[in-house]
Every structure is written in structure tokens, then in C-alpha cells.
Amino acid sequence: MASFDKILSEKSIFKDLSVLSPHYVPKDLPYRQHQMHEIRTVLTPALKGQKPRNLIIYGKTGTGKTCTTKKIMDEFTLAAASGKASMHYVNCRIYNSRYRILQRILKGYLPELEKAGFGLPFLYEKLVEIASNGEQLVIILDEIDMVKDLDELVYTLTRSNDEIKKGGVTIVGISNKLSFKDSLDARSKSSLYETEMIFQPYTAEQLQKILDQRVKEGFADGVVESGAVNLAAAITSQESGDARYALKLLNKAGEMAQQSGREKVTDDDVESARKSVEIDLTVETINTLPEMHQLVLHAIATLTSSGSRYSRLEGVDSGFLFSGEVYEQYERACKGAKKRPRSSRWYKEYLNDLETLGMIVTTPSGKGIRGQTTLIKLGPSPESVMGVLKKNLFGG
DNA sequence: CCTCCACAGGAAGCGCAGGAGT
DNA sequence: ACTCCTGCGCTTCCTGTGGAGG
């Protein structure tokens, strides 16, 4: 175990890695004080035994929605310690139906609910019973757009307020999709949207301040050059404003500097961290891709390296492939992997999925091409994609 | 102008697994 | 524990469409 000793004795660039993790909740959240105040204002009635208005919070990933509400929840729980109010956090990605969400909330009150077998009406009665003791329940539904029967859930929860005399049930919904509002029916929309809040993405300057703070806590003193922080903030704000991405960049840059035995984290490290994070991301998405998607991607990568059958056509960017030829190659790839190819109709859906995941770019064929088809281009380099795919599909 | 090409993408329906309700 | 229902992944069938070609 001499090697561990060696690693342990090395001077570390990091002071506290957990500070760089996406789940870390800092002591104070910069640039979210205003939002915190607003949420507090909305929820204060609950502490006085009155029912607050429902609230919905929007914002892209990494804008601090979850972090902010978690901080509020800490404050709330502290303030409500003696009173009759409680806050319940539910991650709807995991608890994604009316039944599961109710079960999850009531588990805190009735341990026997651990095992299933209770009907929905029973759970509902229990909820009403608890609230009727005069308790104000505030339910935070994180990633609320993941709930399958959201209309029913909203109806059930708001409806319960009619039957409760003293207490109340309040919904705080968190979503990163603006569009999910449209998928609600009019009744649940109006009850859910009593109050609406939007978290804007962080600007470059804000990200810089946030990173500065984390660097101070997470890295050893003075190892991160200010140019590196600036670059990480600039790259991130240009791409998404996602604070988590910025943190990942810095984390990776630190690892790279440490691995090559340097004592400073420079902007060069951030630059190579970005490339590495990008590759990680494509490898990760490919690995989580279902087999058929991978086979389609394999076909695209194969043709990208060998050249399109139509590449000699005039006025066509040679980097693009025809939907039809890709389908034929896909059928061949399936044969190679001893799988039955799916119909071309479904293959088109695969293409859509791959595009939303950013693995390919497609354009409708315009002038210069007979018929109407889709032109396909691979996002990452074919080599980087091929390596993972070969291992996944034909390797073992 | 008509026809053909090379598809796009909606509608209906099918078998299955797993979850809800009893 | 059992049945019924729903959602998912998929196929089949079909109509629509923009430009090339004659």
C-alpha cells in the first residue's frame, strides 16, 4: 500500500471536494436573495396557520431552483418547529405519479405505509385527516413536469382543501420546462399558477462570483488563477448559464493540473477540461442509449467515415448523409449484431431522439435533391463515437 | 403540366410488462 | 393474490409534400 501513502503525501490542489459537487448547498446563495425573499413572503402565512397561495418556479438547469428551495425549507422547518406547519420535498423524477407522491408524503406520518396495498382513497383520507388537525402542509414538487397524472394530482391536492376545516395543503412546483404549462388542463392550470416565479440563468459576472466563492472553499489557497475562473464563467454563460456545468469545468481543470503535477490551475487547464467534459458527456450519453439507437448511430458513424453514396452530388455538403442510405446501413449493422432491424417508421423516431440528445444534426433536403428527405450529420467525431459503440454492440 | 421520387409523419392497432385497484 | 388497465415500443397502412425529370 505504498502507493496510497505516496498519493496521500502529495500536496493536493483541492481543499474540500464536496464544495464542487452539484449537491452542495452553500451557506449563502449569491444572486438569489431576491427570490428567497419572494418565496418566504409567499409561504409565511403557513407559519401563521393560514393557507399560502400555490407557487410555481421556473428556471433552466443549474439556475439554483432546487438549492434555493432547499435553503428555504431549512429556514421554514426551523421556524415551524413548535407550530403546526410542515414542508415536504418530493423529487418527481423518482416519485412520478399521484399515488407515489401521496405515499411518499404520508410515509413520514404513517410508517406502516412502507408496504404497498393501500388504495388511493385511503391515502387521500389520511391526508385530509392530518391537515384537519390544523396542520399547514407545504409540498414541494421538484421536476413537477415528470409527474404522469399531474392534472389528477393537482386536482386531488387542491380539492382536499375544500374538505379541510383548519389546516391546508399548498403546492410549490419546480420545473425547468416553460412548455409544460400547456400540457395542463385549464382547471389545474389556474389553481397551480396562483403565483409564478422565474429564475434567470446566471450571467458571466454572476457565475464568476459564484465560482470565486466555491474556489475559496474548495481549492487550496491561491492555486486557481483568476484567468481560469474567468474563462470557466465565460464558457458557461455562453453555452447555458448552468452553474453546475461551470463547477464541473473547474473540478476537472483541477484534476488535470494535479495529475500533471502542477501547482496552479490555469486557463489552459479549463480549456482542456471543456474538451474532456464534452467527450465524457458523449460517452455517457452513448452508454445510456438503448441498443437500437446505438445501432443507428453506428450506421451514421460508419457512413461518415466511408463517405456518402451521394457525396458527388452537386450543391450538397459532403458531410451530410441521406436518411435512406443510413437506414440501409442500419439494417446491415443489425445483421452484424444479430438483431432484427426495426421498421423505417420507427427508425425516424430514433433519429429524432438522437437529434434531441445532440448526437446528430439534421436538415430537411432542399434544392438540388430529388424528393424530400432528411440530411444527417454526426455531431462528435466518428472515431470518438465508434470506439464506445463497437465495445457496446460487438465487444461483449 | 404531370409524374415520380424519396421520403415525412399521422392514425390505428397490437402484444407485452408492470403498476393500480380490489 | 388476482385482475384489469395503462403506457410503451413497435408495425402497418396511408396520405402529404417539395422538388426533379420528362
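Along each chain, numbering runs from 1 in the same order as the chain's sequence is written. Chains carry letters and ligands carry numbers; both start at the beginning, A for chains and 1 for ligands, and go up in the order they are written. Residue-level local features of this predicted model are given only where pLDDT is at least 70; pairs of side-chain atoms are given and counted only at 80 or more, and the full residue set underlies all totals for whole chains, interfaces and linings.

1. Brief notes about the protein's contact with DNA strand B
A molecule or strand has a residue near it when that residue's C-beta atom, placed from backbone coordinates, lies within 6 Å of it. Around DNA strand B sit 17 residues, and of these Leu-120, Gly-324, Gly-371, Thr-373 and Thr-374 come closest. Helix numbers and strand numbers start at the N terminus; a helix is a DSSP run of H or I with at least 4 residues, a strand a run of E with at least 2. Going through the elements one at a time, α4 (98–107), α13 (323–336) and α14 (344–356) are the ones with two or more residues in the surface near DNA strand B. We call Asp, Glu, Lys and Arg charged. Ala, Val, Leu, Ile, Met, Phe, Trp, Tyr, Cys and Pro are nonpolar, and the rest, Gly among them, are polar. Across the surface near DNA strand B, the residue classes tally to three nonpolar, nine polar and five charged.

2. Some words on the sheet that holds strand β3 (residues 136–142)
One open sheet accounts for five strands, arranged β2-β3-β4-β1-β5; its pairing is parallel. Two strands close off the open sheet at either side, each with one partner strand: β2 (85–91) and β5 (195–199). Across this sheet, the average inter-strand angle for adjacent strands is 15 degrees, counted without regard to direction. Each of β1 (55–59), β2, β3, β4 (168–175) and β5 touches helix α2 (residues 33–47); the most contacted strand, β5, lies at about 150 degrees to it. Criterion used throughout: strands pair if DSSP finds at least two bridges between them. In this analysis an axis means a line fitted to C-alpha atoms, helices contributing only their contacting stretch, and an angle means the value between N-to-C directions, from 0 to 180 degrees. By definition, residue pairs are in contact when their C-beta atoms, positioned from the backbone, come within 7 Å.

3. Comments concerning the domain arrangement of chain A
With domains assigned, chain A is organised as domain 1 (33–199), domain 2 (203–286) and domain 3 (289–395). Taken together, the contacts link five residues of domain 1 with six residues of domain 2. Here the side of domain 1 that touches domain 2 is built from residues that sort into no nonpolar, four polar and one charged. Residue ranges for the domains trace back to a domain assignment, done automatically or taken from a database.

4. Concerning the packing of helix α5 (residues 120–132) against helix α6 (residues 150–163)
Put simply, α5 and α6 touch, their axes get as near as 10 Å, and they point 50 degrees apart. By the angle between their directions, the pair α5 and α6 is classed as oblique. In terms of crossing hand, the pair formed by α5 and α6 is right-handed. Residues Tyr-124, Leu-127, Val-128 and Ala-131 of α5 pack against Thr-156, Ser-160 and Glu-163 of α6. Residues of the contact of α5 with α6, tallied by class, amount to four nonpolar, two polar and one charged. Oblique is the label for any angle not under 35 degrees, not over 145, and not in the 65 to 115 range, which are roughly parallel, roughly antiparallel and roughly perpendicular in turn. In this scheme the handedness of a crossing depends on how the near helix is turned from the far one: anticlockwise by less than a right angle means left-handed, clockwise means right-handed.

5. Notes on the packing of α2 against helix α3 (residues 65–79)
Direction vectors running N to C along α2 and α3 enclose 35 degrees, while the axes themselves pass 11 Å from each other. The interaxial crossing formed by α2 with α3 has right-handed handedness. Together, Gln-35, Met-36, Ile-39, Arg-40, Leu-43 and Leu-47 of α2 and Thr-68, Lys-71, Ile-72, Phe-76 and Ala-79 of α3 make up the contact between the two elements. For the contact of α2 with α3, a count of residues per class yields seven nonpolar, two polar and two charged.

6. Thoughts on the nonpolar core
Core analysis: the biggest nonpolar cluster contains 39 residues, and Val-90, Val-138, Ile-139, Ile-140, Leu-141, Ile-171 and Val-172 have the highest contact counts within it. No other element matches the five residues that β3 contributes to this core. In plain words, the nonpolar core is the set of buried Ala, Val, Leu, Ile, Met, Phe, Trp, Tyr and Cys residues that C-beta atoms within 7 Å link up. Counting other C-beta atoms within 10 Å of each residue's C-beta, where C-beta atoms are placed from the backbone, gives the exposure class: buried for 20 or more, exposed for 12 or fewer, partly exposed between. Counting 28 residues, the second largest nonpolar core, distinct from the first, contains Ala-299, Leu-351, Ile-376 and Leu-389.

7. Here we look at the environment of Met-197
Relative to the helices and strands, Met-197 is located in strand β5. Residues within four places of Met-197 in sequence aside, it is in contact with Gln-35, Glu-38, Leu-55, Ile-57 and Tyr-58.

8. Re the environment of Glu-328
Structurally, the position occupied by Glu-328 is in helix α13. Classification of Glu-328 as partly exposed rests on a count of 15 C-beta atoms within 10 Å. For Glu-328 and Pro-382, which are 54 residues apart along the polypeptide, the C-alpha to C-alpha distance reads 18 Å.

9. Things to note about the sheet that holds strand β8 (residues 374–378)
Spatially, the three strands line up as an open sheet ordered β6-β8-β7, and their pairing is antiparallel. Every other strand in the sheet has two partners, leaving β6 (321–322) and β7 (360–364) as the edge strands with one partner each. As paired elements, β7 and β8 share five bridges and run antiparallel to each other. Its bridge partner being in β8, Val-361 is matched across the sheet by Lys-377. Against the sheet, helix α12 (residues 291–306) contacts β6, β7 and β8, and its axis sits at roughly 85 degrees relative to β8.

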